Amino acid sequence: AHRELWSLREGGFSKARKRLEPKPLSIERTKGSEILFGIAPCALALSQSRRDLFRLFLKQSSGSRRLVTSEFVLQATARGVPVHHVKRRELDALCRGRVHQGVCLEATPLRFKSLEEAEKPNLGDEENPNRQLIWLVLEQIQDPMNLGALLRSAYFLGVDRVVTSQRNSCPLTPTVSKASSGAMEVFDIYSTDDLRSFLKAKTAEGWEVVGTVSKPEDVENVPVISCLEFRWNKPVIIVIGSEGDGLSLETQLLCHQMLAIPPGRVLHPGIESLNVSVATGILLHSICSQKLRHSD
């Protein structure tokens, strides 16, 4: 009986506590805006002029976080962006519980650029360093974490341009920006609604189109080599396929050759391949390191 009475009291206390706790502030969003979250995406978005910026939300803080907060306030003031100091729960609600690191920024979304907006690179003669251009083409990458990680690697390793297929591809969301550690905020990403025609046109211009595959035995009619054997002597496009299915057959047949990453051991059944963003990082490093050696 004592136990039952105690549990009833406890239940009453917890309900009373919940009633007394202030509800998170409901922040009305500007129409057409989205909420960026995380230190790197917000800082880089503030430093660029690629988005319209509406409001910066900072966690009320003291101690070691004051320096970060004051830097954000300076950046926002320079851009004429209002700053709101709010509780952590408000920030959690704004970005739906994602890891915001005490910073959220209300801004217009970033869009893919069309290839018509892109400057045409001058390939020039055999000695022109522009002959070592590398573009990354993504076919139907759907996971925002993968897309962000791909953009981060591409930016870091020196890829000249990233192009995605419009169909069944992830848009440039705040989650992508966070996963890219803000690279999305400084790196133009292009999109095409006709990937096949784009690859055919680049081939006609003298580019080498190279696909990627996790299981070499699945590829027919296109030569497969190890990424360690690939030699770079003309502008190259690396085509990466979707997380589950890899490159479509139609795209494979437009590739001059396919690259595979050789495993370092005999793999246990069921452990067949690498995550798409990890595999792309390895392939890009293997190829981009030739560019660095060439320019030394």
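Right above here is the structure, for reference.
Keep in mind it's a predicted model, so treat the numbers as computed, not measured.

Cut-offs applied
- Residues numbered from 1 in each chain as written.
- Predicted model: local features only at pLDDT ≥ 70, side-chain atom pairs only at ≥ 80, totals over all residues.
- Heavy atoms only, no water.
- 1 Å grid on protein atoms, 1.4 Å probe; cavity = no way out; pocket = protein on both sides within 12 Å on 5 of 7 lines; lining within 4 Å.
- Points joined across faces, edges and corners; volume = space filled by probe spheres on them.
- Helix = DSSP H or I, 4+ residues; strand = E, 2+ residues; numbered from the N terminus.
- Nonpolar A, V, L, I, M, F, W, Y, C, P; charged D, E, K, R; others polar.
- Phe/Tyr/Trp six-rings, centres within 6.5 Å; stacked < 30°, edge-to-face > 60°.
- Buried < 20%, exposed > 50% of the residue type's maximum accessible area, 1.4 Å probe, protein only.

A. Broad picture of the layout of surface pockets. In this structure, the largest pocket occupies an estimated 890 Å³ of space. Every residue lining the largest pocket is counted, 35 residues in all, and those nearest its centre are V213, S214, K215, S273 and L274. Those elements giving two or more residues to the lining of the largest pocket turn out to be β12 (257-260) and α9 (276-295). At four residues, the largest contribution of residues to the lining of the largest pocket is made by α9. In terms of residue class, the lining of the largest pocket is made up of 17 nonpolar, 11 polar and seven charged. Size it by volume and the second largest pocket reaches roughly 310 Å³.

B. Region of the structure containing the packing of aromatic side chains. For the coordinates displayed, the defined rule picks out three aromatic pairs. Ring centres of W135 and F198 lie 6.3 Å apart, and the angle between their planes is 5°; on these two criteria the pair is classed as stacked. Of this pair, W135 sits in strand β6 (residues 134-138) while F198 is found in helix α7 (residues 195-204), placing the two residues 63 residues apart along the sequence. Taken individually, W135 and F198 each receive the classification buried, so the pair is uniform in this respect. Geometrically, the ring pair formed by W135 and W207 is tilted, given 4.6 Å between the ring centres and 50° between the ring planes. Separated by 72 residues along the polypeptide, W135 in strand β6 and W207 in the loop between α7 and β9 (208-212) bring together distant segments of the chain. Members of the aromatic cluster, joined through ring pairs, are W135, F198 and W207.

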